[in-house]
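Structural overview
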Amino acid sequence: MKKILVLCLAVIMLFSVSITTLAAGAFVSSPSGNDAPILEDFESESEDFDAIINLTSYAGRDKLSPKARQKLEKAYEQISSTDDITDLIDELKELEIDPEDLGVSDLFDISSTHSGEHDENGNFIITLKAEDLENFAALVYFDGQNWKVIDGAKVTGNGTKLTFKLSEFGPYAIVKNKSAVSPSTSNNFDSTIVIALMGVVVLSGLTLIVSKRKA
């Protein structure tokens, strides 16, 4: 009886994990497990502006103000609720990459702590070092309602850095080409298959035990 109970609990756990995996939507990997990119350098186009640029991962969103956290969580919900990121960001269709091959590898917030007067029309030139920029497709920004592609964002530093012009603070996401992702970076579909196979094995064991008990 105890064996049956243990197997039943295992099935429930596997089912729960598989549901979480399937709910990942357009994410290539979980943003909750990723560190925020590291700020390598930034330049301000406003001369008399002293600022500290802050990067916050989705996992560290509790450090944000309530308003900023709400915006980041809304961005996460939108990405995780769709399998086609181009449904959210129409501009990505211009990349001429199959929408099924596009996925978000990282989600984070960019904010600033500053003193002095900042020209609202002024921009920052930001250089970040991210965990995974391989097969980079685009950098996108969420203003709380709509998404847009950041023009001119490019991978530098032999593929280890991302440089772009920043004019607005808030949630940013890195979009990559999933079709070119290396085997070491497993996608949600592969994980789901593994979990499903594990579930089949557990269920088969449960069926065998029940059959033996009846015999």
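I will try to describe carefully the structure that is included in this document. (Residues numbered from 1 in each chain as written. Predicted model: local features only at pLDDT ≥ 70, side-chain atom pairs only at ≥ 80, totals over all residues. Heavy atoms only, no water.)

1. Here's the deal with the overall build of the protein chain
The number of helices and strands found in the protein chain is three helices and nine strands. Along its sequence from the N terminus, the protein chain presents helices and strands in the succession α-β-β-α-β-β-β-β-β-β-β-α. Within the span of the protein chain, comprising 215 residues, buried residues form 39% of the whole. Here the protein chain displays about 12,600 Å² of accessible surface, and carbon together with sulfur accounts for 53% of that area. (Helix = DSSP H or I, 4+ residues; strand = E, 2+ residues; numbered from the N terminus. Buried < 20%, exposed > 50% of the residue type's maximum accessible area, 1.4 Å probe, protein only. Areas by Shrake-Rupley, 256 points an atom, 1.4 Å probe, with all protein chains shown as cover.)

2. Focus on the environment of isoleucine 110
By the element assignment, isoleucine 110 lies in strand 3 (residues 102-115). Once the C-alpha coordinates of isoleucine 110 and tyrosine 172 are considered, the two residues, 62 residues apart in sequence, prove to be 7.2 Å apart. When sequence neighbours within four positions are dropped, the list of residues in contact with isoleucine 110 reads Ile53, Asn54, Leu55, Phe164, Leu166, Phe169, Gly170 and Tyr172. (Contact = heavy atoms within 4.5 Å.)

3. Description of the pattern of salt bridges
Taken as a whole, this structure holds six salt bridges when the rule is applied. Connected via shared salt-bridge partners are Arg61, Asp62, Arg69 and Glu73. (Salt bridge = Lys/Arg side-chain N within 4 Å of Asp/Glu carboxyl O.)

4. Notes on the sheet that holds strand 1 (residues 38-44)
Taken in spatial order, the four strands make up an open sheet running 1-4-8-7, and their pairing is antiparallel. Only two strands of the sheet have a single neighbouring strand rather than two, namely strand 1 and strand 7 (154-156). Mean inter-strand twist for the sheet, computed between neighbouring axes without regard to direction, equals 25 degrees. Relative to strand 8 (residues 161-166), strand 7 is paired through three bridges, and the arrangement is antiparallel. Following the sheet pairing, valine 155 is matched in strand 8 by leucine 162. (Pairing = 2+ DSSP bridges. Axes fitted to C-alpha atoms, helices over the stretch in contact; angles between N-to-C directions.)

5. Description of the environment of aspartate 62
Within the fold, aspartate 62 resides in the loop between strand 2 (50-57) and helix 2 (66-80). Judged by relative accessible area, which is 56%, aspartate 62 ranks as exposed. Looking at aspartate 62, its side chain comes within polar contact range of the side chain of arginine 69, at 2.8 Å. (Polar contact = N/O pair within 3.5 Å; in protein donor to acceptor, adjacent residues only side chain to side chain.)

6. Considerations on the packing of aromatic side chains
Scanning the model with the defined rule gives seven aromatic pairs in all. Taking the centre distance of 5.0 Å and the plane angle of 45 degrees together, the rings of tyrosine 141 and tyrosine 172 count as tilted. Taken as a pair, tyrosine 141 in strand 5 (residues 136-142) and tyrosine 172 in strand 9 (residues 170-177) lie far apart in primary sequence, 31 residues in all. Exposure remark for tyrosine 141: the relative accessible area of 4% places this residue in the buried category. (Phe/Tyr/Trp six-rings, centres within 6.5 Å; stacked < 30°, edge-to-face > 60°.)

7. Some words on the pairing of strand 8
When strand 4 (residues 124-129) meets strand 8, the two strands line up antiparallel, connected through six bridges. Across the sheet, residue lysine 129 finds its bridge partner in strand 8, namely lysine 161. Connecting strand 7 to the antiparallel partner strand 8 that follows it, the hairpin turn spans four residues, and glycine 157 within it adopts a positive phi of roughly 60 degrees.

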